[in-house]
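Survey of secondary and tertiary structure
Here is how the chains run, residue by residue.
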Amino acid sequence: MELYGEKDGETIKYDEYPYLLYVRVSTDKDEQKDSVPNQIDICRYWIEKNNFEWNENSILKDDGLSGTYFLERKAMQLILKKARNREIKMVVFKSIHRLARDLKDALEIKEVLIGHGVRVVTMEENYDSHLEGKNDMKFEMYSMFAAQYPKTLSVSISASLAAKVRRGDHIGKIPFGYDRINHKLVIKEAEAEVIRKIFNWYTKDKIGFKSITNKLNEGVENGTILPPKESSYWGVTSVQRIIKSPIFCGTFILNKYTNIKVDGRKKQIKNPREKWNVFEDHHPAIVSKKQWNEANNKDITKFNTKISEWNEFRGLMKCSECGSNIVTMVSYKRRKSDDHKTTFRYLKCSAYRRGGKAACVNHTPITYEDFREFILNSLIKKWNQVELDFENNLGKNTKSLISNLNQQKIQLEKKKNRLVDMYLNEMLDKEDYLKRKSGFEIEIEKVENELYLNSSIEHKQVQIRTVKEAFSSLKKTDQDLTSVFKEIIDNISIAQNGEIEITYRIDPSL
């Protein structure tokens, strides 16, 4: 009897019935490290029991990633690509919990796989899409249970944390100005003095965030002020957070933020005030509540506010000196004759903006409008030079990239194989061997993913179409070109003297 291509007593060759085995662990904790081999063993037992040829290369892993982070799971994304390209006939999981812990994601993954003729099998639920037919209530029910698990766990953890805070315990990172002894915050006087200076400068001397930052860094340089815990200099953002944090007046707020899922990614949002759990006088205060309220009064903070318009190059502009983002700032000029105010935007290194000369250098002033015009002209000129040979050049570039990736893979596999000899000759202990082996396997997997993507004709066609459309959109200079710039440009390096270097995502001239 034959069932879905399976022959009684005969081993089905992997080439005849290609499949993938997906395994995942949520964290890197020791207790979960054994989960991967356990998942593989359970799935392998089912595969061999059902007369399929075992293939070690069929295993795809997502290590240390939660099932709720769908878009970050590269192995799962690769499975879906192979399914769409009809390269596999079956995917095997230990359980639906390994597949996804979000009901929407689980159903979407299943629909993509089954919609492209891929058989879905999970061990724990005894689910097999070939046997279930159109009635898929079993899959939906177990997916719902899997989705509920992290929510139930979150409620339990939140209740436990709230109980600790009610006892006066501190949870989370230790704020500057405090130490933690027996789970409770105590004032660390040397650091607390810096906090008091910041509040006094802001409320009594009416000094702005930037000026406070400069005074702090001058103190760090001459040894009279301590630097922050995680940096060698103070930044504007750090000063702003200190002013706004109620922790320094003895108040602890629990449940101020929550995580939601947007387009497959987790995003932190602020909860409504009625959901906050506010614990007054939770720990010793460094500043009084009166001074904290005064510092956070809207009438006082208003004079420090600068609003910058939308920046189309957000995340693309980098400082060549320190690698930080280049941001846009707003400034004003007034004519003495008629008091007319002119507003203009200019570029500044974000590290220099936050920490002054202690963090980076001050760049030659460049206005945003001049910068945008320069980039547009450079991109249009670039396209005019290479448009005719674009597809041929991109094809050559892809072949060259594939060749380099294959060489990288060969070298990585050689290094991985040499590890075995080093281990057998006692040149490496077991822990070091396994650590290095795991590192090489991760690198090889990355190279294989890149090879797969760049070997796809469909992927190349999408590249060509996307780049052409992006360059043609540059003519619409009066529109928001944020998405266009991100399609064409990988990053823009800006030197202190104003020199600009553009690195393309796909360089059509290669």
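Check the entry above for the structure.
Residues numbered from 1 in each chain as written. Predicted model: local features only at pLDDT ≥ 70, side-chain atom pairs only at ≥ 80, totals over all residues. Heavy atoms only, no water.

1. Re the overall build of the chain
The secondary structure content of the chain amounts to 18 helices and 18 strands. Contacts in the chain between residues at least 24 apart in sequence constitute 64% of all its contacts with a sequence separation of at least 6. (Helix = DSSP H or I, 4+ residues; strand = E, 2+ residues; numbered from the N terminus. Contact = heavy atoms within 4.5 Å.)

2. Structural notes on the sheet that holds strand β18 (residues 500-504)
Taken together, the three strands give an open sheet; going across it, the order is β14-β17-β18, and neighbouring strands pair in mixed fashion. Each edge of the open sheet is held by one strand with a lone partner, namely β14 (317-319) and β18. Looking at each pair of strands side by side, their axes are set apart by 25 degrees on average, direction ignored. Summarising the sheet, β14 and strand β17 (residues 489-494) pair through three bridges and their orientation is parallel. Bridging from a neighbouring strand, Cys319 pairs with Ile494 of β17. (Pairing = 2+ DSSP bridges. Axes fitted to C-alpha atoms, helices over the stretch in contact; angles between N-to-C directions.)

3. A look at the nonpolar core
Judged by nonpolar contacts, the single largest core of 40 residues is most densely connected at Trp46, Ile47, Phe52, Ile79, Met90, Val92 and Leu113. For this core, the secondary-structure elements that each account for two or more residues are β3 (19-24), α2 (35-49), β4 (59-62), α3 (74-84), β5 (90-93), α5 (103-115) and β6 (119-122). With six residues, α3 is the single largest residue contributor to this core. (Core = buried A, V, L, I, M, F, W, Y, C linked by side-chain atoms within 4.5 Å. Buried < 20%, exposed > 50% of the residue type's maximum accessible area, 1.4 Å probe, protein only.)

4. Digging into a nonpolar patch on the surface
A cluster of nonpolar side chains, Val420, Tyr423 and Leu424, forms an exposed patch at the surface whose accessible area comes to about 260 Å². By secondary structure assignment, the location of Val420 is in helix α15 (residues 390-424). Classification of Val420 by relative accessible area gives partly exposed; the value is 35%. (Patch = residues over 30% accessible without salt bridge, like charges linked within 9 Å, V, L, I, M, F, W, Y side chains within 5 Å. Areas by Shrake-Rupley, 256 points an atom, 1.4 Å probe, with all protein chains shown as cover. Salt bridge = Lys/Arg side-chain N within 4 Å of Asp/Glu carboxyl O.)

5. Things to note about the pattern of salt bridges
On inspection of all chains with the given rule, the structure shows 17 salt bridges. Its salt-bridge partner being Lys416, residue Glu441 comes within 3.5 Å of it at the nearest N-O pair. Of this pair, Glu441 sits in helix α16 (residues 430-455) while Lys416 sits in helix α15, and the two are 25 residues apart along the sequence.

6. A word on the pairing of strand β8 (residues 178-181)
The pairing of β8 with strand β9 (residues 184-187) spans four bridges and is classified as antiparallel. Bridge assignment links Tyr178 to a residue of β9, and that residue is Ile187.

7. As for unusual backbone geometry
Phi is positive for Asn51, which is not a glycine, with a value near 70 degrees. Mapped onto the elements, Asn51 comes out in the loop between α2 and β4. Judged by its relative accessible area of 25%, Asn51 falls in the partly exposed class. Of note in the backbone geometry, His183 takes a positive phi value of approximately 70 degrees without being a glycine. Of note, His183 is situated in the loop between β8 and β9.

8. Regarding empty space enclosed by the protein
Scanning the entire structure with this criterion turns up one cavity of 30 Å³ or more. Computed from the structure, the largest cavity encloses a volume of approximately 30 Å³. For the largest cavity, the full set of lining residues is Ile326, Leu347, Lys348, His363, Thr364, Ile366 and Ile494. Class assignment of the residues belonging to the lining of the largest cavity gives a composition of four nonpolar, two polar and one charged. (1 Å grid on protein atoms, 1.4 Å probe; cavity = no way out; pocket = protein on both sides within 12 Å on 5 of 7 lines; lining within 4 Å. Points joined across faces, edges and corners; volume = space filled by probe spheres on them. Nonpolar A, V, L, I, M, F, W, Y, C, P; charged D, E, K, R; others polar.)

9. Things to note about the packing of aromatic side chains
Under the defined criterion, the tally for this structure stands at eleven aromatic pairs. On the basis of an interplanar angle of 25 degrees and a centroid distance of 6.4 Å, the ring pair of Tyr178 and Phe248 is categorised as stacked. Separated by 70 residues along the polypeptide, Tyr178 in strand β8 and Phe248 in the loop between α10 (236-244) and β10 (252-254) bring together distant segments of the chain. The burial state of Tyr178 is the same as that of Phe248; both residues are buried. Geometrically, the ring pair formed by Tyr202 and Phe209 is stacked, given 5.0 Å between the ring centres and 5 degrees between the ring planes. The same class applies to Tyr202 and to Phe209, which are both buried. What links up through ring pairs into an aromatic cluster is the set Tyr14, Tyr17, Tyr19, Trp46 and Phe52. The ring of Tyr352 carries Lys210 above its face, with NZ or CZ at 5.4 Å from the centroid. (Phe/Tyr/Trp six-rings, centres within 6.5 Å; stacked < 30°, edge-to-face > 60°. Lys NZ or Arg CZ within 6 Å of the ring centre and 35° of its normal.)

10. A short note on the environment of Met90
Secondary-structure assignment places Met90 in strand β5. The spatial distance from the C-alpha of Met90 to the C-alpha of Pro18 is 6.9 Å, given a sequence separation of 72 residues. The contacts of Met90, once residues within four sequence positions are left out, are Tyr17, Pro18, Tyr19, Leu20, Trp46, Phe52, Val118, Arg119 and Val121.

11. Structural notes on the packing of helix α8 (residues 189-203) against α10
For the pair α8 and α10, interaxial distance at closest approach is 10 Å and the crossing angle is 85 degrees. Taken as axis vectors, α8 and α10 run roughly perpendicular relative to one another. For the pair formed by α8 and α10, the contact residues are Ile195, Ile198, Phe199 and Tyr202 on the first element and Val239, Ile242 and Ile243 on the second. When the residues that make up the contact of α8 with α10 are grouped by side-chain class, the tally is seven nonpolar, no polar and no charged. (Parallel < 35°, antiparallel > 145°, perpendicular 65-115°, else oblique.)

12. Concerning the sheet that holds β6
Pairing within the open sheet is mixed, and its five strands lie in the order β4-β3-β5-β6-β7. In this open sheet, the two edge strands, each paired with only one partner strand, are β4 and β7 (127-128). Here β3 pairs with β4 via four bridges, running parallel. Bridge pairing in β4 links Tyr22 to Leu60. Across the sheet, α2 is in contact with β3, β4, β5, β6 and β7; its angle to β3 comes to roughly 150 degrees.

13. Quick notes on α3
Within α3, the full set of buried residues consists of Ala75, Met76, Leu78, Ile79, Leu80, Lys82 and Ala83. Once α3 finishes, Arg86 follows within two positions and takes phi at roughly 60 degrees, a positive value.

14. Some details on the side chain of Gln291
Within the secondary structure, Gln291 is located in helix α11 (residues 289-295). Sequence-distant contacts of Gln291, that is, excluding residues within four places in its chain, are made with Phe199, Asn200, Thr203 and Lys204.

15. As for the pairing of β6
Side chains Arg119 and Val121 project from β6 onto one buried face, and the interleaved Val120 and Thr122 project onto a second face that is buried too. Across four bridges, β5 lies against β6 in parallel orientation. Directly across from Met90, in β6, lies its bridge partner Arg119. Across two bridges, the pairing between β6 and β7 is antiparallel. Note on β7: the bridge partner recorded for Val121 is Asp128. Hairpin connection of β6 to β7: four residues between the antiparallel strands, including Asn126 at a positive phi of 55 degrees.

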